[in-house]
Amino acid sequence: MPQTSIVLIHGLWMTSRCWENWVTRYAEKGFHVVTKSWPGMDIDIDELRRDPSSIATLGVTEVVDHYERIIRQLDPPPIVIGHSFGGLMTQILLDRGLGAVGVAIAPAPVKGIFLLPFSTVKVSFPALSNPANNHRAVPLTPEQFHYAFTNEMSEEDSLAVFNRYAVPGPDHLLFQAAFANFNPHAATAVDFMNERRAPLLFLSGGKDHVSPPSVVEANFRLYGKSKTVTDYKEFPQRTHYTLGQPGWEEVADYALDWALNKTSAGAAERHS
C-alpha cells in the first residue's frame, strides 16, 4: 500500500523551516512529509534575509501553482495542511481538485471576507501603507513579529523565534488579499460551492492577532451552503505562532487525526 503523504505549506514571513517540529512528529508516525518553501525561498535563510529581491513580486497564483506541481507528483493524493497564507492556498488547491483532505490553520482572508479586526489591520498596515511595497519583500521588525506571532511570549523568547524563522515576505500577497473584494479576477477567490473538493478543516487560535477566530469563522461560514465536509475548531490559547508555541503537539495531532478520519471515511464511502 502506498505511503500517505502530507504536504505542509507555510505562510508569509516564514519558510518551510517553521514546520520542523511537525515534520519530525509526522515522520515518526510513518508519513512521507513534504515541506517545500515558496518558489525562490528554498535557500539558506541568511541569504534570503540579505537579498530577498528574487521573491519581491511573488504572488498567490505563482505559489499555488508551485504546490500544485508538487501535489500532482504524489500518489495517492496527499493530506494538505497550510498555515496563514498557506491556509488560504490550501483552500485554493482543494478548489482545484487537489489533495485528499485539507487543513487551513489560521488562514489569511479569502475573497469574500469584508470585515477585519484591528489586530489584523495593525499587522498588515506597515506594508499596505506604502504602495511601493507591492513590489518589495519586506521583513517584520522584531517588535512587529512579537505582536503578530508570539504575543504570549516574553520579548526575549520571541526574539529567539524571530532569529530562527523570520524572513522577508513578498508584500504583493498582502495587497492581493487586501484588495481582493474589488478585483473580479482576484487570486484569492475560491468556489465555496464546489462539491468536488476534498474535506476541509479550519483551525483558529483564540490569542491570534493575525487571523483571529472572527476571521477564520467568517471564512468557514462562506462554505455554509456547501454539501462537502467543512469543519471548524478553535484552540483558545493559541497564537499565530501555533506551529511552534508550547503545546503545538495538540494542534498537530488534532489536524492529523481529523484528516485521517475524513480520508478513511471517504475511502470507505467510495468502496461501499
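What comes next concerns the included structure. (Residues numbered from 1 in each chain as written. Predicted model: local features only at pLDDT ≥ 70, side-chain atom pairs only at ≥ 80, totals over all residues. Heavy atoms only, no water.)

**Quick word on the overall build of the chain**
Here's step 1: Counting its secondary structure elements, the chain contains 10 helices and eight strands.
Here's step 2: Its C-alpha atoms give the chain a radius of gyration of 17 Å, within 12% of the compact-globule value 19 Å for 272 residues.
Here's step 3: Projected onto its principal axes, the C-alpha coordinates of the chain cover approximately 55 × 40 × 35 Å.
Here's step 4: Across the 272 residues of the chain, 54% fall into the buried class.
Here's step 5: Restricting the contact set of the chain to residue pairs at least 6 apart, pairs at least 24 apart contribute 76%.
Here's step 6: Accessible area of the chain: about 12,400 Å², with a carbon and sulfur share of 52%. (Helix = DSSP H or I, 4+ residues; strand = E, 2+ residues; numbered from the N terminus. Rg over C-alpha atoms; globule rule 2.2 N^0.38 Å. Buried < 20%, exposed > 50% of the residue type's maximum accessible area, 1.4 Å probe, protein only. Contact = heavy atoms within 4.5 Å. Areas by Shrake-Rupley, 256 points an atom, 1.4 Å probe, with all protein chains shown as cover.)

**Here we look at the packing of aromatic side chains**
Here's step 1: Counted under the stated rule, the structure contains 11 aromatic pairs.
Here's step 2: A centroid spacing of 5.9 Å and a plane angle of 85° characterise the contact between Trp-22 and Tyr-26, whose relative ring orientation is edge-to-face. Taken together, the positions of Trp-22 and Tyr-26, both in helix α1 (residues 20–28) and four residues apart, correspond to about one turn of that helix.
Here's step 3: A centroid spacing of 5.0 Å and a plane angle of 85° characterise the contact between Phe-192 and Tyr-223, whose relative ring orientation is edge-to-face. Pair noted here: Phe-192 is in the loop between α8 (172–178) and β7 (200–205) and Tyr-223 is in the loop between α9 (213–221) and β8 (230–235), with a separation of 31 residues, a long-range link.
Here's step 4: Taken together, the aromatic side chains of Phe-192, Phe-202, Phe-220, Tyr-223 and Tyr-232 make up a single cluster linked through ring pairs.
Here's step 5: The cationic tip of Lys-122 hangs over the ring face of Tyr-147; the distance from NZ or CZ to the ring centre is 4.1 Å.
Here's step 6: Above the ring of Phe-235, the side-chain terminus of Lys-233 is found at 5.4 Å from the ring centroid. (Phe/Tyr/Trp six-rings, centres within 6.5 Å; stacked < 30°, edge-to-face > 60°. Lys NZ or Arg CZ within 6 Å of the ring centre and 35° of its normal.)

**Things to note about the side chain of Asp-171**
Here's step 1: Topologically, Asp-171 is positioned in the loop between β6 (169–170) and α8.
Here's step 2: Among buried Asp, Glu, Lys and Arg side chains, Asp-171 stands out as unpaired, with Arg-136 the closest opposite charge at 7.6 Å.
Here's step 3: Residues within four places of Asp-171 in sequence aside, it is in contact with Trp-13, Ala-127, Asn-133, Arg-136 and Val-138. (Lys, Arg positive; Asp, Glu negative; His and termini not counted. Salt bridge = Lys/Arg side-chain N within 4 Å of Asp/Glu carboxyl O.)

**Some words on the environment of Ala-148**
Here's step 1: Looking at the element boundaries, Ala-148 is found in helix α6 (residues 142–148).
Here's step 2: A relative accessible area of 0% places Ala-148 in the buried class.
Here's step 3: In the structure, Ala-148 is positioned 15 residues away from Asn-133 in sequence and 19 Å away in space, judged by C-alpha atoms.
Here's step 4: Leaving out residues up to four positions away in the same chain, Ala-148 has contacts with Val-123, Leu-140, His-209, Val-210 and His-240.

**Looking at the packing of helix α3 (residues 60–72) against helix α4 (residues 85–95)**
Here's step 1: Interhelical geometry of α3 versus α4 gives an angle of 60° and a closest axis separation of 10 Å. Judged by the sense of rotation from one axis to the other, the crossing of α3 with α4 is right-handed. Residues Val-60, Val-63, Val-64, Tyr-67, Glu-68 and Ile-71 of α3 touch α4, and the partners they reach there are Phe-85, Met-89, Ile-92 and Leu-93. (Axes fitted to C-alpha atoms, helices over the stretch in contact; angles between N-to-C directions. Left-handed = near helix turned anticlockwise from the far one by under 90°.)

**Description of the pairing of β8**
Here's step 1: Bridge count for β7 against β8 is six bridges, and the pairing is parallel. Residue pairing across strands places Leu-200 opposite Thr-230, the latter belonging to β8.
Here's step 2: Handedness of the crossover joining β7 and β8 through α9: right-handed. (Pairing = 2+ DSSP bridges. Right-handed = clockwise from strand over helix to strand, strands pointing away.)

**A short note on the sheet that holds strand β2 (residues 32–34)**
Here's step 1: Read from one edge of the open sheet, six strands run β2-β1-β3-β4-β7-β8, paired in parallel fashion. At either end of the open sheet lies a strand with only one pairing partner, and these are β2 and β8. Direction aside, neighbouring strands of the sheet carry axes that sit 15° apart on average.
Here's step 2: Pairing analysis gives five bridges linking strand β3 (residues 79–83) to strand β4 (residues 101–105), with the strands arranged parallel. Each bridged residue has a counterpart across the sheet, and for Ile-79 the counterpart in β4 is Val-101.
Here's step 3: Where α3 meets the sheet, it contacts β1 (5–9), β2 and β3, and its direction lies at approximately 170° from that of β1.

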